[in-house]
Amino acid sequence: MTGMTIAEPGEGKNTLLAVEDLTVGFRTARGYADVLHAVSFRVEQGRTTCVVGESGSGKSVTCQAILGLVPRNGRRTGGRILFAGMDLAAADEATLERIRGRGIGMVFQDPLGSLNPLHTVGAQLRETLRLHTDLSELQRQKRALDLLAMVGIPEPEQRLASYVHQFSGGMAQRIMIAMALACEPQLLIADEPTTALDVTIQAQILDLLNRLKAELGMAILFITHDLGVVAEMADTVVVMRHGRVVETGPAARVLSAPEAPYTQTLLAAMPRLDVAAPVYRQRSAR
């Protein structure tokens with residue numbers, strides 16, 4: 001394609017994550033097929049990179065590949081994933097387990113499905129801390145309380161003893177954010193974290209993530225199909241279609257003057273309050 005901007009990832013002093021020519025494929029009944037094709041982008045320290053595209057564009061598979069969580073019928077066939085100078089694509093499972101939680105936190109789309117319904121919120125937070133830190137039992141309890149307060153859960157002492165079904169969807173997502181940040185990761189990956197929430201709660205979660213990014217100095221890789229969310233969150237935008245990056249650049253430039261035809265189409269499809277909706281009149285019966 002001509003005229004599009006594709007930034008070349010590198011290992012600059014501010015680059016925390018560099019995805020370089022990432023290619024991932026899956027075995028199917030009809031044979032092996034690539035679903036990611038030489039995907040490249042960067043995430044800078046303390047900044048938010050939003051990956052946007054419609055369903056099936058490869059956004060979630062990209063996240064899975066970064067974390068080493070590609071399903072068994074899939075595999076990486078090319079490229080590198082550099083996190084803080086380490087190639088995650090070449091790392092063994094033990095190394096990846098250490099990085100998940102400590103270096104990289106993950107917030108999934110469905111908090112009610114991601115949290116264990118059989119254990120209290122406090123037990124799940126303490127278990128995360130037990131696996132990834134050297135804190136004592138008393139320190140883990142205090143840290144769990146601090147985390148709930150940090151993400152805006154009221155009465156955290158009582159809520160530690162609650163189960164996930166006792167929380168609303170928005171509060172459950174705050175719990176997921178608390179778990180993802182328990183070990184103070186350098187990078188938070190958020191995969192469509194507000195899709196299942198109404199617009200008011202969505203705005204609260206986005207505000208929370210922006211506040212925590214500023215307070216903790218972390219980077220965010222935010223996956224979404226919603227350009228309104230991109231406008232609220234992004235420093236950098238990566239636009240994906242059919243497993244390929246079609247455009248990337250600063251959010252202000254991409255949203256105001258997109259170069260790729262697909263990005264232009266996405267922006268044109270956004271609802272606008274300054275344009276009157278067409279009026280349809282029913283024909284009179286003859």
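Residues numbered from 1 in each chain as written. Predicted model: local features only at pLDDT ≥ 70, side-chain atom pairs only at ≥ 80, totals over all residues. Heavy atoms only, no water.

The annotation that UniProt attaches to the chain under Subcellular location (unreviewed entry) is "Cell inner membrane". UniProt, in the comment section headed Sequence similarities (unreviewed entry), describes the chain in these words: "Belongs to the ABC transporter superfamily." (UniProt positions renumbered as here; feature names shortened; annotations may be inferred.)

### Here we look at the environment of Q124
In this fold, Q124 is placed in helix α4 (residues 121-132). Overall, Q124 belongs to the buried group, its relative accessible area being 11%. Here the alpha-carbon distance between Q124 and L212, two residues 88 residues apart in the chain, equals 21 Å. Beyond its immediate chain neighbours, meaning those up to four positions away, Q124 contacts L115, N116, H119 and M179. (Helix = DSSP H or I, 4+ residues; strand = E, 2+ residues; numbered from the N terminus. Buried < 20%, exposed > 50% of the residue type's maximum accessible area, 1.4 Å probe, protein only. Contact = heavy atoms within 4.5 Å.)

### Description of the layout of surface pockets
Rolled over the atoms, a probe as big as a water molecule pinpoints where empty space is left. Here the largest pocket defines a volume of roughly 520 Å³. If you trace the largest pocket, you find 19 residues lining it, with M106, F108, T128, H132 and M179 closest to the centre. Of all elements in the fold, only α2 (93-102), β6 (104-107), α4 and α7 (169-180) reach the threshold of two or more residues within the lining of the largest pocket. Counting residues per element, the lining of the largest pocket draws most heavily on α4, which supplies five residues. Split into classes, the residues belonging to the lining of the largest pocket amount to 10 nonpolar, seven polar and two charged. Lining the second largest pocket are 13 residues; nearest its centre among them are A65, G68, L88, A89 and L96. (1 Å grid on protein atoms, 1.4 Å probe; cavity = no way out; pocket = protein on both sides within 12 Å on 5 of 7 lines; lining within 4 Å. Points joined across faces, edges and corners; volume = space filled by probe spheres on them. Nonpolar A, V, L, I, M, F, W, Y, C, P; charged D, E, K, R; others polar.)

### What about the packing of α7 against helix α8 (residues 199-216)?
For any two helices packed against each other, one specifies the inter-axial angle together with the distance between the axes. Two numbers describe how α7 lies on α8: the axes approach to 10 Å, and their chain directions differ by 20 degrees. Accordingly, the angle class assigned to the pair α7 and α8 is roughly parallel. Viewed along their axes, α7 and α8 form a crossing whose handedness is right-handed. Only I201, Q204, I205, L208, L209 and L212 of α8 make contact with α7, whose side of the interface consists of G170, Q173, R174 and I177. Looking at the contact of α7 with α8, its residues break down into six nonpolar, three polar and one charged. (Axes fitted to C-alpha atoms, helices over the stretch in contact; angles between N-to-C directions. Parallel < 35°, antiparallel > 145°, perpendicular 65-115°, else oblique. Left-handed = near helix turned anticlockwise from the far one by under 90°.)

### Thoughts on the packing of α4 against α7
Where α4 meets α7, the closest approach of the two axes is 10 Å, and the angle between their N-to-C directions is 20 degrees. Viewed along their axes, α4 and α7 adopt a mutual orientation that is roughly parallel. Two packed elements cross with a definite hand, and for α4 against α7 that hand is right-handed. Across from V121, Q124, L125 and T128 in α4, the residues of α7 making contact are I175, A178 and M179.

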